[in-house]
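Given next are the chains, with one letter for each unit.
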Amino acid sequence: MFTALGVVLGRALQGAGDTLATMVITVFSLWGLQIPLAFFFSKIWGTNGIWWSIVLTTVVNGIITVIWFERGEWKKKKGYFLSKNGFLPLTLKGIPSA
């Protein structure tokens, strides 16, 4: 369940243009939590400790992604598209004719 939340909402955020937030969440989850926890838990439980670090990190990643999605900051992002005149902002109506 947490994997689905993290992946689906993370990709929804990326599609909405909030790519930096998903990158920060992923880097924090993997490098800040999963690797240190895997190292620490493997000293205690061996190979099972590595699997437990993956489970905990997946839960944390899903929770953080849901919280960020619910905050709605991604709705304020502006999209741009590349035209022959350079980058132009997207509107709610779609791509303006340039």
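Draft legend 1. How the structure looks around helix H2 (residues 19–45). At Gln-34, H2 is deflected by roughly 30 degrees, the largest bend along its length, and proline Pro-36 occurs up to four residues later in sequence. The set of residues buried in H2 consists of Ala-21, Thr-22, Ile-25, Ser-29, Leu-33, Ala-38 and Phe-41. Along its buried surface, H2 packs onto helix H1 (2–15) and helix H3 (47–71). Backbone geometry just after H2 places Gly-46 at a positive phi near 70 degrees.

Draft legend 2. Looking closely at a nonpolar patch on the surface. A surface patch of nonpolar side chains, amounting to about 710 Å² of accessible area, comprises Leu-20, Met-23, Val-24, Val-27, Leu-30, Trp-31 and Ile-35. Considering the arrangement of structural elements, one finds Met-23 in helix H2. Exposure remark for Met-23: the relative accessible area of 45% places this residue in the partly exposed category.

Draft legend 3. Geometry of the pattern of salt bridges. For the structure on display, the rule yields one salt bridge. Notably, a salt bridge pairs Glu-73 with Arg-71, separated by 3.8 Å at the nearest N-O pair.

Draft legend 4. Up close: the environment of Met-1. You can see Met-1 is positioned in the segment before H1. It is 8.4 Å that separates the C-alpha atoms of Met-1 and Gly-62, two residues lying 61 residues apart in sequence.

Criteria and cut-off values
Along each chain, the written sequence defines residue order, and numbers are assigned to residues from 1. pLDDT decides what is reported in this predicted model: residues at 70 or higher carry local features, side-chain atom pairs at 80 or more are listed and counted, and totals for whole chains, interfaces and linings draw on all residues regardless. Calculation of side-chain values draws on the structure's entire complement of heavy atoms; hydrogens and water are dropped beforehand. Consider a residue and the seven residues that end there alongside the seven that start there; fitting an axis to each set, the bend is the angle between those axes. What counts as a helix is a DSSP run of H or I of at least four residues, what counts as a strand is a run of E of at least two, and both are numbered from the N terminus. Relative accessibility under 20% of the residue-type maximum defines a buried residue, over 50% an exposed one, and the middle range a partly exposed one, all with a 1.4 Å probe and only protein chains included. Residues count as neighbours in contact if any of their non-hydrogen atoms are within 4.5 Å of one another. Here, patches come from residues exposed beyond 30% relative accessible area and free of salt bridges, joined within 9 Å for like charges and within 5 Å for nonpolar side chains (Val, Leu, Ile, Met, Phe, Trp, Tyr). Exposure was quantified through the Shrake-Rupley algorithm and a 1.4 Å probe, taking into account, for residues, occlusion by the shown protein chains and nothing else. Salt bridges are counted wherever a side-chain nitrogen of Lys or Arg sits within 4 Å of a carboxyl oxygen of Asp or Glu.

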